[in-house]
Amino acid sequence: MRVIKGKLVAVSPLHVGVGVSHGGIDNPTARVMIKGEMGWEEKFYIPGSSLKGALRARFEEFARAKGIHICNIFNSECIEDEKKEEEMCPACRTFGNQKIASKVRVMNAFGINVRSSTQPGVALGRTTGAVVHGPFEIEYVAPGSSFTFEMIIRDMSKEDPRMKILDEIFTEMKNGNFQLGGKKSTGFGKVKLEVESDVEV
Ligand SMILES: [Zn+2]
């Protein structure tokens, strides 16, 4: 399997929320309590599931741009009764579905050096554009903040077309152009991957 370790650095403000208020902030960035050298401490983190979801979404975009068919999760063609794994689409064969396990595992990314701030936000009605509630505070992680990164890819050779798409995504991440979390349309969530090791084990 291939193990990639490194650091994720926020290039623009980053908001990966959890949807519950915290310490008077309505829309906080995800935090977790972890036990460190100094005892229990609260750390910012990016859930591995959020990272994996963002990677899958980008994988699907890259694959579709190459004319590769990717299933629509709403009509769930890949999980029909008689479907064998090799008949499923490359996104399911990489990131899994209800029937098959993921070949990709992404660990929670814990804050190494994180500065956070808040800015006022409003929620807009979907159809009218009218403000339905707010203003409220959105917490974000400031540019320059860094997180651990670890990802494992198994049962996939270097030459596999799926690995080639993953490598394209890694290139985008190394260039600081990969986006993650909320408010992406306003330029939030750009992260840069600094690879520390990338090995077959
Ligand atoms: Zn599929």
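The structure presented is a predicted model; accordingly, all values stated were derived computationally and were not measured. (Residues numbered from 1 in each chain as written. Predicted model: local features only at pLDDT ≥ 70, side-chain atom pairs only at ≥ 80, totals over all residues. Heavy atoms only, no water.)

The helix and strand inventory of the protein stands at three helices and ten strands. The burial tally for the protein puts 41% of its 201 residues in the buried class. Put simply, of all contacts in the protein between residues at least 6 apart along the chain, 63% involve residues at least 24 apart. (Helix = DSSP H or I, 4+ residues; strand = E, 2+ residues; numbered from the N terminus. Buried < 20%, exposed > 50% of the residue type's maximum accessible area, 1.4 Å probe, protein only. Contact = heavy atoms within 4.5 Å.)

Around the zinc ion, the protein supplies Cys71 (SG), Cys78 (SG), Cys89 (SG) and Cys92 (SG) as donor atoms, at distances of 2.3 to 2.4 Å. Geometry at the zinc ion is tetrahedral, judged from the four donor atoms that bind it and their angles of 104 to 117° at the metal. (Donors = N, O, S within 2.8 Å, 3.2 Å for Na, K, Ca; no water. Tetrahedral: all angles 85-135°; square planar, octahedral: opposite > 155°, others 65-115°.)

Taking 1.5 Å of rise per residue, 14 residues should cover 20 Å, and helix α3 (residues 161-174) covers 20 Å from first to last C-alpha, within 8% of that figure. Two or three places before Arg162, at the start of α3, stands the capping residue Asp160, its side-chain oxygen 2.8 Å from that residue's backbone nitrogen. Positive phi shows up at Gly176, right after α3, with a value of about 75°. (Expected span 1.5 Å × (residues − 1). Polar contact = N/O pair within 3.5 Å; in protein donor to acceptor, adjacent residues only side chain to side chain.)

Okay, the side chain of Glu77 next. With respect to the secondary-structure elements, Glu77 resides in the loop between α1 (48-65) and α2 (90-95). Buried Glu77, no salt bridge; nearest opposite-charge side chain is Lys83, N-O distance 5.0 Å. With sequence-adjacent residues up to four places away left out, Glu77 is seen in contact with His69, Cys71, Asn72 and Lys83. (Lys, Arg positive; Asp, Glu negative; His and termini not counted. Salt bridge = Lys/Arg side-chain N within 4 Å of Asp/Glu carboxyl O.)

This brings us to the pairing of strand β8 (residues 146-153). Judged by how many residues are buried, β8 sits mostly within the fold: six of eight residues are covered. Pairing geometry for strand β1 (residues 2-10) and β8, over eight bridges, is antiparallel. Looking across to β8, one finds that Val3 is bridged to Ile152. Where strand β4 (residues 104-106) meets β8, three bridges bridge the pair, whose relative direction is antiparallel. (Pairing = 2+ DSSP bridges.)

Taken as a whole and assessed by the stated rule, the structure comprises twelve salt bridges. The shortest N-O distance in the salt bridge between Arg58 and Glu172 comes to 2.8 Å. Of this pair, Arg58 sits in helix α1 while Glu172 sits in helix α3, and the two are 114 residues apart along the sequence. A relative accessible area of 24% places Arg58 in the partly exposed class. Look at Glu172 and you get buried, because its relative accessible area is 14%. Of the charged contacts in the structure, one is a salt bridge between Arg162 and Asp160, with a shortest N-O distance of 2.8 Å. A single burial state applies to Arg162 and to Asp160, both of which are buried.

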